[in-house]
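Structural description and commentary
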Amino acid sequence: MNKNMTDNAEKEQKNSSAKAENESDVKNKPDEKNKGKSNDENKKDSEDKKTANEIENLKKELEETKNKYLVMLAEYDNFRKRSQKEREGTYSEAYADAIKTLLPVFDNIERANSFTDSKGIAEGLAMILNQFTASLGKLGIEEFGKAGENFDPNIHNAIMNVTDETLGENVIAEVLQKGYKRGDKIIRFAMVKVANCG
């Protein structure tokens, strides 16, 4: 029985030894794909595949970003065109409203032109002047620059200087051309003579 045990032990040892050699061969045996390649080459192939995948992903991201940019550019262009149209429309409407306000004055000038007597002409001109002043008021335009006001270089244009003891220093002696403004916007500066300019 001792001999049988020894024989069995020897067989088991040979079997385990053969099994270990087979496993070692399987580990060291290159697979069919990588047959004839070293570990460094396998690593490089793996890195190349990884890099190729990253490049594909980056290309997709770039394409998506490019598409987003093109959409945004188109939206901005549409916005710009729409804004331009609105501005032009607003300007046209304001222009038409201003002309519409002044047309009755023109009508009255034509009527005054048909008068032959001086009294009718004088009355017609007075009416036109009143109507024109009212039309400017409707447009929000105010006149400024009156004799006796203090001279303000921000709104008055002094074209002459006179000495007048009855007037104070830097006082408007005479208005040669009225000034007009709308709110804070000066449309035309008043041309004036200034008294006792120091």
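Residues numbered from 1 in each chain as written. Predicted model: local features only at pLDDT ≥ 70, side-chain atom pairs only at ≥ 80, totals over all residues. Heavy atoms only, no water.

On to the overall build of the protein. Within the protein, the secondary structure is distributed over three helices and six strands. Along the protein, from the amino end to the carboxyl end, the secondary structure elements read α-α-α-β-β-β-β-β-β. Residue burial in the protein is summarised as follows: out of 198 residues, 11% are buried. Total accessible area computed for the protein in this model is approximately 16600 Å², and 53% of it derives from carbon and sulfur atoms. (Helix = DSSP H or I, 4+ residues; strand = E, 2+ residues; numbered from the N terminus. Buried < 20%, exposed > 50% of the residue type's maximum accessible area, 1.4 Å probe, protein only. Areas by Shrake-Rupley, 256 points an atom, 1.4 Å probe, with all protein chains shown as cover.)

Below, the discussion takes up the environment of V194. Along the polypeptide, V194 turns up in strand β6 (residues 190–195). Excluding residues within four positions of it along the chain, V194 makes contact with F151, A158, M160, N161, V162, N170, V171 and A173. (Contact = heavy atoms within 4.5 Å.)

Glancing now at the sheet that holds strand β4 (residues 179–182). Judged by pairing direction, the sheet is antiparallel, and its three strands sit side by side in the order β1-β4-β5 without closing on themselves. Strands at the two margins of the open sheet, each flanked by one partner only, are β1 (141–144) and β5 (185–188). With direction set aside, neighbouring strand axes in the sheet form an average angle of 35 degrees. (Pairing = 2+ DSSP bridges. Axes fitted to C-alpha atoms, helices over the stretch in contact; angles between N-to-C directions.)

With that settled, the discussion passes to the confidence of the model for the protein. Here the protein averages 80 in pLDDT, while 81% of its residues score no lower than 70. Per-element averaging of pLDDT across the protein places helix α1 (residues 2–28) at the bottom with 55 and β6 at the top with 91. The model gives residues 26–30 a pLDDT under 50, and that stretch makes two contacts with residues more than four places away or in other chains. (pLDDT = per-residue confidence, 0-100.)

The backbone of N170 shows a phi angle near 55 degrees, a positive value even though the residue is not glycine. Position of N170 relative to the elements: it lies in the loop between β2 (156–162) and β3 (171–177).

On to the sheet that holds β3, then. With respect to topology, three strands assemble into an open sheet ordered β2-β6-β3, the strand pairing being mixed. Single-partner strands in this sheet number two, and they are β2 and β3. Geometrically, the sheet is characterised by an average inter-axis angle of 35 degrees between neighbouring strands, direction not taken into account. With five bridges joining them, β3 and β6 adopt antiparallel strand pairing. Looking at β6, one finds that V175 is bridged to V192.

Here we come to the nonpolar core. It is characteristic of soluble globular proteins that their nonpolar side chains tend to be buried jointly. In this structure, F144, I172, A190, V192 and V194 together form the largest nonpolar core, which totals five residues. Considering each element in turn, this core owes the most residues, three residues, to β6. Those residues in contact with V192 that sit more than four places away from it in its chain are F151, H156, N157, A158, I159, M160, I172, E174, V175 and L176. (Core = buried A, V, L, I, M, F, W, Y, C linked by side-chain atoms within 4.5 Å.)

Take a nonpolar patch on the surface next. The grouping of Y91, Y95, I99, L103 and F106 at the surface amounts to a nonpolar patch, some 550 Å² of accessible area in total. With respect to the element layout, Y91 can be found in helix α2 (residues 39–113). (Patch = residues over 30% accessible without salt bridge, like charges linked within 9 Å, V, L, I, M, F, W, Y side chains within 5 Å. Salt bridge = Lys/Arg side-chain N within 4 Å of Asp/Glu carboxyl O.)

The pairing of β1 with β4 spans four bridges and is antiparallel. Its bridge partner lying in β4, F144 is registered against G179. As paired strands, β4 and β5 are joined by three bridges and run antiparallel to one another. Considered in β5, the bridge of Y180 is made with R188. Between β4 and β5, which pair antiparallel in sequence order, lie two residues; one of them, G183, sits at a positive phi of approximately 65 degrees.

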